[in-house]
Amino acid sequence: EDQVTQSPEALRLQEGESSSLNCSYTVSGLRGLFWYRQDPGKGPEFLFTLYSAGEEKEKERLKATLTKKESFLHITAPKPEDSATYLCAVQASYNFNKFYFGSGTKLNVKP
Amino acid sequence: DAMVIQNPRYQVTQFGKPVTLSCSQTLNHNVMYWYQQKSSQAPKLLFHYYDKDFNNEADTPDNFQSRRPNTSFCFLDIRSPGLGDAAMYLCATSRLTGAYNEQFFGPGTRLTVL
């Protein structure tokens, strides 16, 4: 069964304290892995797409990496405005119409 | 700016009273999706349209239906809402061609069932 698991469920950081969020998946034949940011009461906002193991993407304080079975979202020197839920989704090559979402990591950055 | 628009942002209905949520897009994407998201949970795919082709998820209740009259618009109809249908409903679009597969989401409609 295709699955996406995110850890930890929640993460509290002090401002400036770097950390990583994990997304592991069991989809066979990955077409793409996607990271989203979701603020409370809003729709997910697209951050990154990763297509192959070894690929990395960066945007401001965020860097996403991909291996064959998991992806990491590294947050360097986070600020309170980075507080949000971060969702990971995968797209399988055999059924690329569908995206399988994880439950997200709720990040809280304290000033 | 190209975007995905959902109306209304907040919808209150009574138990059993039909409700329709709408989604429009200016991205000209060929695929449109409807997700249900409950608090602290992953978005749950209800159905999607690939162009005009409708694809229903096996576990989507019959109570939920959808229409896509043209490329830009898609509607979610809940025929007889129950208390368990209270959730955030998210519309998303995707191009699903070549290297561009990411989904773009609207702001969501928060549905309350009284």
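That block above? That's the structure.
Here the residue numbering is sequential within each chain, running from 1 through the sequence in written order. Chain A is the first chain written and ligand 1 is the first ligand written, with later ones labelled in order. The model is predicted, so local features are restricted to residues of pLDDT at least 70 and side-chain atom pairs to those at 80 or more, both for listing and for counting; the totals for chains, interfaces and linings are taken over all residues. Hydrogens and water molecules were not included; the side-chain quantities draw on all heavy atoms of the structure.

Q: Account for the overall build of chain B, naming residues and giving values.
A: Check the secondary structure of chain B and you find zero helices and 11 strands. In chain B, the succession of α and β elements from N to C terminus is β-β-β-β-β-β-β-β-β-β-β. Here the C-alpha radius of gyration of chain B, 14 Å, is about what a compact globule of 114 residues would show, namely 13 Å. Each principal axis of the C-alpha distribution contributes one length, and for chain B these read about 45 × 30 × 30 Å. Exposed residues in this analysis have more than 50% of their type's maximum accessible area, buried residues have under 20%, and partly exposed residues fall in between, with area computed by a 1.4 Å probe over protein chains only. The burial tally for chain B puts 49% of its 114 residues in the buried class. Residue contacts are defined here by distance: any two heavy atoms, one from each residue, within 4.5 Å place the two residues in contact. Long-range contacts, defined as pairs at least 24 residues apart, comprise 56% of the intrachain contacts of chain B with a sequence gap of at least 6. The helix and strand labels rest on DSSP assignments: H or I over at least four residues marks a helix, E over at least two residues marks a strand, and numbering proceeds from the N terminus. In this treatment the radius of gyration is a C-alpha quantity, and the globule benchmark scales as 2.2 Å times the residue count to the 0.38 power.

Q: Pulling in residues and values, what's your account of the nonpolar core?
A: All names here are of chain A. The nonpolar core is taken to be a set of buried Ala, Val, Leu, Ile, Met, Phe, Trp, Tyr and Cys residues, with the residues joined through side-chain atoms within 4.5 Å. Core analysis: the largest hydrophobic core is formed by 25 residues, its most contacted members being L33, W35, L73 and Y86. At the level of elements, β2 (10–14), β3 (19–25), β4 (30–38), β5 (45–50), β7 (62–66), β8 (70–75), β9 (84–92) and β11 (105–110) are the ones that each hand at least two residues to this core. Element by element, the count of residues in this core is highest for β9, at five residues. Beyond its immediate stretch of four places on either side in the chain, L73 contacts S19, S20, L21, W35, F48, L62, K63, A64 and Y86.

Q: Explain the interface of chain B and chain A residue by residue, including any values.
A: Taken together, the contact between chain B and chain A spans 26 residues of the former and 20 residues of the latter. Each partner contributes to the roughly 1700 Å² buried at the junction of chain B and chain A, and carbon and sulfur atoms together form 54% of this total. Buried area: the accessible area, evaluated with a 1.4 Å probe, that two parts lose upon being put together, summed over both parts. It is N101, E102 and F105 of chain B that lose the most area in chain B upon contact with chain A, and together they represent 26% of the buried surface on that side. Salt bridge, as applied in this entry: a Lys or Arg side-chain nitrogen positioned within 4 Å of an Asp or Glu carboxyl oxygen. Counting across the interface, chain B meets chain A through one salt bridge. For E57 of chain B, the salt bridge goes to K98 of chain A, with nearest N and O atoms at 2.7 Å.

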